[in-house]
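What the coordinates show
The primary structure of each chain is shown beneath.
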Amino acid sequence: MMPSSRRRRGTLLALALTTPPLASSLSIPQTAIETINAGGIAVVPDFFSPSFVSRLRSDAVNLHAEGQFITDGLAGYGSSANTRDKRNFDPSRDRSVLPAYIPSKRTPGPFVSSTLGDADVRKQMTSNVASLRSELSIRLDRPGFDTPDGPENHEISYTRFGPGANLARHVDEHHEELKGARGWSAPTRRSISWLVYLNPPDWDANGGKDGGALRTYERRSRSAYPVGARNGDLQIGWLAPSRDDGRERPVFLDGRRDGRSGRCSLYVDSDDGGRRAYVTEDFDADPYLFLTGDFFVRNLLIKNRHLGRRFHYLEQPKSALTKYFRDDPGEAARDVAPTGGTLVMFDSVTLPHEVLATTERERWAASGWFHEKHQPIPTKQIIL
């Protein structure tokens, strides 16, 4: 999935969706809901039928051949994984998308065109996705993203990875206070990431023939509390289980202490889940949140030494020192094969992931994000 710093705010753009869903059932298993709430990746095989997947893939392949896709330059390719050689940039190998909305032009994208390709199949798929969003809004208790479709709500596109392309580890959304001057500039934020793979039936990811698996970094211990956000305060880290407290606890950033943007504190859920238990005193986002690594949070912000040792960022801030950080022992890698018709979903804030390199074939998917509204802008806003 594309990092939020470079995201394209696609949209469904209020399509007239009258065609019934093609999936045999849009009801998502309860185990998938529980997995998302615990910070893992929910995998639903055969979400779309093989015939529908084939039709979507044919549409995507034809539109790419016609030059309708936009290359975003986010993928890596080279002699080793997660490398990018800008001198040898090759759009045929890179990641490209057919978006529903082009934010740089403030115009609808080719995905919602009624004159390009198989517009009916895209319309039918979008109807399924809209039904999925409504169901998840209720079952995940996220009413904020069951909102009307528009340029600032939700994203949807076809996605193509060329032969050899990969996408480095990242998370799809960050707390607005971690975005500097760009923070709070958009009315919504990514809440749930989703993909439906469109690859042919003979795709072999696990055997190494085709590659292109989605590698996720789930917690070894299941989160004791729902992940992602609390009343608009996004999660930024974890407190790992300890001898005295065996629970994996999500850590949230309150970025508006005293009603002022940029005045922050970190908290976890109380044992009964009914209130906030703050683990730091108030601090300013700049410079503390822009200092690199777990070390600074553990030793400068969390005064309780025992709690501090348990803290890990979801994804440590990137810098020249990143490669020297130790791996988080609380993580476990899980690979998901991009099998045609499979739906995958996860919390956009919580789950680090990467796309492993394909080999000789193109990797196809329909993908997007369901958005939620931000917290109201405080009256004492300070942009740091």
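Structure shown above.
In this text the structure is predicted, and so the values were computed from the model without any measurement. (Residues numbered from 1 in each chain as written. Predicted model: local features only at pLDDT ≥ 70, side-chain atom pairs only at ≥ 80, totals over all residues. Heavy atoms only, no water.)

**Here's the deal with the sheet that holds strand β9 (residues 214–219)**
Ordered in space as β7-β19-β9-β17, the four strands form an open sheet in which the pairing is antiparallel. Strands at the two margins of the open sheet, each flanked by one partner only, are β7 (167–170) and β17 (331–336). Across the sheet, the mean angle separating the axes of adjacent strands is 15° when strand polarity is ignored. Looking at chain direction, β9 and strand β19 (residues 353–355) are connected through three bridges and run antiparallel. Bridge assignment links leucine 214 to a residue of β19, and that residue is valine 355. (Pairing = 2+ DSSP bridges. Helix = DSSP H or I, 4+ residues; strand = E, 2+ residues; numbered from the N terminus. Axes fitted to C-alpha atoms, helices over the stretch in contact; angles between N-to-C directions.)

**Focus: the packing of helix α2 (residues 50–65) against helix α3 (residues 119–139)**
Between α2 and α3, the least distance of the axes is 10 Å, while the angle of their chain directions is 125°. If you check the angle between α2 and α3, you find them oblique. As α2 packs across α3, the resulting crossing turns out to be left-handed. For the pair α2 and α3, contact is made by Phe52, Arg55, Leu56, Asp59 and Leu63 and by Asp120, Val121, Arg122, Gln124, Met125 and Asn128, respectively. A class-by-class count of the residues in the contact of α2 with α3 yields five nonpolar, two polar and four charged. (Parallel < 35°, antiparallel > 145°, perpendicular 65-115°, else oblique. Left-handed = near helix turned anticlockwise from the far one by under 90°. Contact = heavy atoms within 4.5 Å. Nonpolar A, V, L, I, M, F, W, Y, C, P; charged D, E, K, R; others polar.)

**As for the pattern of salt bridges**
Taken as a whole and assessed by the stated rule, the structure comprises 27 salt bridges. One salt bridge connects arginine 142 with aspartate 347, and the closest N-O pair in it is separated by 2.8 Å. Within this pair, whereas arginine 142 is found in the loop between α3 and β6 (155–161), its partner aspartate 347 is found in strand β18 (residues 343–347), the two being separated by 205 residues in sequence. Exposure class is identical for arginine 142 and aspartate 347. Each is buried. The salt bridge involving glutamate 315 is made with arginine 169; its shortest N-O contact spans 2.7 Å. Placement of glutamate 315 in the loop between β16 (311–313) and β17 and of arginine 169 in strand β7 is noted, with a sequence separation of 146 residues between them. Classification of arginine 169 by relative accessible area gives partly exposed; the value is 25%. Within this structure, Asp233, Asp254, Arg257, Arg276 and Asp282 form a network of salt bridges that share partners. (Salt bridge = Lys/Arg side-chain N within 4 Å of Asp/Glu carboxyl O. Buried < 20%, exposed > 50% of the residue type's maximum accessible area, 1.4 Å probe, protein only.)

**Thoughts on the sheet that holds strand β20 (residues 363–373)**
Taking strand neighbours across the sheet as the criterion, the seven strands line up as β1-β18-β8-β20-β6-β3-β2 in an open arrangement whose pairing is antiparallel. In this open sheet, the two edge strands, each paired with only one partner strand, are β1 (42–44) and β2 (70–71). Inspection of the sheet shows β2 paired to strand β3 (residues 95–99) by two bridges, in the antiparallel sense. Of the residues in β3, the one forming a bridge with threonine 71 is serine 96.

**A closer look at unusual backbone geometry**
Unlike most non-glycine residues, arginine 106 shows phi in positive territory, near 55°. Within the fold, arginine 106 resides in the loop between β4 (101–102) and β5 (107–108). The exposure class of arginine 106 is exposed, given its relative accessible area of 66%. Non-glycine residue asparagine 231 carries a positive phi angle of around 50°. Structurally, asparagine 231 is set in the loop between β10 (229–230) and β11 (233–239). Looking at asparagine 231, the relative accessible area reads 73%, which means it is exposed.

**A word on the nonpolar core**
In summary, soluble globular proteins display a tendency toward joint burial of nonpolar side chains. Of all hydrophobic cores here, the largest spans 37 residues; its most connected members are Met125, Leu136, Tyr158, Trp194, Leu343 and Met345. Those elements that place two or more of their residues in this core are α1 (30–37), β1, α2, α3, β6, β8 (188–197), β18 and β20. Core analysis: the second largest hydrophobic core is formed by 16 residues, Leu266, Val268, Phe283 and Ala285 among them. (Core = buried A, V, L, I, M, F, W, Y, C linked by side-chain atoms within 4.5 Å.)

**Describing α3**
When the terminal C-alpha atoms of α3 are compared, their 30 Å separation across 21 residues agrees well with the 30 Å that a helix rising 1.5 Å per residue should span. Phi turns positive one or two residues past the end of α3, at aspartate 141, with a value near 55°. (Expected span 1.5 Å × (residues − 1).)

**Description of the pairing of β3**
Of all five residues in β3, five are buried; the element is thus mostly enclosed. In β3, alternate side chains face the same way, and those of Arg95, Val97 and Pro99 on one face and Ser96 and Leu98 on the other are all buried. Two elements, β3 and β6, share five bridges in a ladder whose sense is antiparallel. The residue bridging arginine 95 from the neighbouring strand is phenylalanine 161, located in β6.

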